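These are the residues of each chain, in order.
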Amino acid sequence: MAEAGSFAEKVKQQADIVRVVGEYVRLKKTGKDFSGLCPFHQEKTPSFTVSPIKQIFYCFGCGKGGDVYNFVMDMEKCEFPEAVKMVAEKCGIAIPRQKQRSPEERKENQQRSVLVEMHREAQTFFVKQLQGTAEGKLARAYLEDRGLDKATIERFGIGYAPSGGDALLRHLKPKCNDKLLVDSGLVSRDQSAGRLFDRFRRRITFPISNESGKIVAFGARALGDDMPKYLNSPETPIYSKSNVLYHMDRAKEALRRQDFAILVEGYMDAIAVARAGISNVVASCGTSLAEPQIKLLGRFTRRVIVNYDPDVAGQSATERSLALLLEQDFEVRVLALPPVGNKKADPDLFIRERGKDEYLKLLKEAPPYVDYLIARARQMDLTTGEGKQRALNFLLPYIQKMPNGILRSEWATRIAQQLRIDEPLLRSALSKAAKERRREITTHPELIGRAAKPVERRLIRMLAEAQGFRQELAKHLQNAWLYHGLETEKIFAALVIASLSGQPLQVTEVGAVLEERDRRLLFEILFEEANEPTWEEAMSCIEALQHRQAERELADVQRSIEANPAALEMRGLLEKKQELMRRLAAAR
């Protein structure tokens, strides 16, 4: 990387790798070398060695090695030029002046410096308003009601923008011209009258810092009923919302150390999680996650737990984020928090009501995104072929975005099992959709299955016509709930209720409570040619349904085992698996 005679080569020759590495790793002299715990993987016995003679490092545990630049690039997740600059600064080596900037470049650089200073001034102003005014007292009461104590308010720089509409404007105006005030995003201009006024009014403010810790924007929550509830700074020369993650400047070290990130939606969620002692949390500030934000995150870790709000908007945001994270080959899990009482719980509410220990427990148990998305798909109506097709079309975009072929194959197996679809046909349909670059699977009768399998059709006919044992058959079906999850579930349910009533069965009345598709299927079955039903045949059909039910249960148990639950739960699952396998073996 460092060419002979270049500045990088000179820095490398003058730099002391032991000194640079020692800023990150506690090193101990061992003979002519130094050793310590490797910063790139978890270990208890030192296997990380630095050679001052050769000016290189190597870990005998994970295999990481190289020169001082390789070390800094890996630790800081930066490119080579930034690493050269960092090493030079750490070693007190003067950096050559860059080539002369153009007048436009100098002007833009100067403007950015001024805007950063304006945001620092605004932050000081907002904090003083919160701490020292009557309006600020009301804002502090609101924050205290949300569980934020004085230490937390100070730690996260929370402030208050007063309601007057020009307080910050008057504070900044002596130092800045009107154009700079508007360009900063802190001040807005009335389009009709041209009047300037504060962008944030009667709002609690949250400073948004870039990765290096400089405040570049603000998020603000309305104290009253003003809309929108949350208002962010607009795009400015120093702030692009798609390039910044809230709390990233504080989370960097924890992200490197723990090698995973918790991704939440808003400021209060990030603050609540960080207060719970979980520092590796970042927020997308209520906006859709963007590709630059994902690349920023990828500099520190490629493992993410998405914990967005559980409402419809939060679910949509989760699904959009998953699609982007999969494209970048992240390892993703999803934490969907259970409700607290009758309220849907975001991380802030859940931690305040249920405590950090319960949150940590659920965080550790967060399922892989595959299981989360399939669970979402299973909320759709899977009792019809059309419903299964809708579920597949919901899942297909995520499958297509996965660059890893092995994982795509695993997906196909899980989807086939959980949606009860023939796996070879599913794989064929997915492959065809991928080749043709379609975002949906078109009608495929073999894939979505016949409207009812022969066993189901025969039992439906018996429930409708077997006068001698119709009621007894209905009891068997209901007690074991054998028709649950079948495409014909609604037809069975209607016939079982009618059969157990003790009244003569009226097919037209049963049909009247069914949807059009199920009603037509019922009459289609009733008009099929069939032999006279017998109890022996009915029991044979029931055994077939029991066998199918046991296979589904076994698949569910196996998936739960693969999730590696706690020891007690694992023991119960293994016992259940053995029982189901015995049942299936006995039925052969």
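The sections below set out a description of the structure shown in this document. (Residues numbered from 1 in each chain as written. Predicted model: local features only at pLDDT ≥ 70, side-chain atom pairs only at ≥ 80, totals over all residues. Heavy atoms only, no water.)

### Here we look at the packing of aromatic side chains
- All told, the structure shown has 16 aromatic pairs when counted by the stated rule.
- The interplanar angle of 10 degrees and the centroid separation of 5.0 Å between the aromatic rings of Phe206 and Tyr267 together place this pair among those described as stacked. Residue Phe206 is located in strand β9 (residues 203-209), and its partner Tyr267 is located in helix α11 (residues 267-275); the two are separated by 61 residues in the primary sequence.
- Plain terms: the ring middles of Phe350 and Tyr359 are 6.4 Å apart, the flat faces sit at 55 degrees to each other, and that makes the pair tilted. Neither residue differs from the other here; Phe350 and Tyr359 are each classed as buried.
- An aromatic cluster of at least three residues, connected via ring pairs, comprises Tyr24, Phe40, Phe48, Phe57 and Phe71.
- One residue, Lys29, lies across the ring of Phe34, its end atom 5.4 Å from the ring centre.
- Here Lys64 stacks its cationic end above the ring of Phe40, 5.4 Å away from the centre of that ring. (Phe/Tyr/Trp six-rings, centres within 6.5 Å; stacked < 30°, edge-to-face > 60°. Helix = DSSP H or I, 4+ residues; strand = E, 2+ residues; numbered from the N terminus. Buried < 20%, exposed > 50% of the residue type's maximum accessible area, 1.4 Å probe, protein only. Lys NZ or Arg CZ within 6 Å of the ring centre and 35° of its normal.)

### Details of the pattern of salt bridges
- Considering all chains together, one arrives at 23 salt bridges under this definition.
- For Glu23, the salt bridge is made with Lys90, and the minimal N-O distance between the two is 3.0 Å. Taken together, the residues Glu23 in the loop between α2 (17-22) and β1 (28-30) and Lys90 in helix α4 (residues 80-90) connect sequence positions 67 residues apart.
- Taking the shortest distance from any N to any O, the salt bridge between Glu465 and Arg461 comes out at 2.7 Å. Linking Glu465 with Arg461, this pair stays in helix α21 (residues 454-465), spanning four residues, or about one helical turn.
- Among the charged side chains, a network of salt bridges with common partners joins Glu117, Arg120, Glu121 and Lys175. (Salt bridge = Lys/Arg side-chain N within 4 Å of Asp/Glu carboxyl O.)

### Describing the state of the cysteines
- Taken as a whole and assessed by the stated rule, the structure comprises zero disulfides.
- Unpaired in terms of disulfides, Cys59 finds its nearest cysteine sulfur in Cys38, a separation of 3.6 Å.
- Between Cys62, a free cysteine, and Cys59, which holds the nearest cysteine sulfur, the sulfur-to-sulfur gap is 3.7 Å.
- Its relative accessible area of 35% is what places Cys62 among the partly exposed residues. (Disulfide = S-S within 2.5 Å.)

### Some words on the sheet that holds strand β14 (residues 303-306)
- The strand order β13-β12-β14-β15 describes an open sheet built from four strands, whose pairing is parallel. Two strands lie at the open edges of the sheet, namely β13 (281-283) and β15 (331-334), each paired on one side alone. If you compare each strand with its neighbour and ignore which way they point, the axes differ by 30 degrees on average.
- In the sheet, strand β12 (residues 261-264) pairs with β14 via three bridges, with the strands oriented parallel. Paired with Leu263 across the strands is Val306, a residue of β14.
- Strands in contact with α11 are β12 and β13; relative to β13, the strand with the most contacts, it is inclined by about 175 degrees. (Pairing = 2+ DSSP bridges. Axes fitted to C-alpha atoms, helices over the stretch in contact; angles between N-to-C directions. Contact = heavy atoms within 4.5 Å.)

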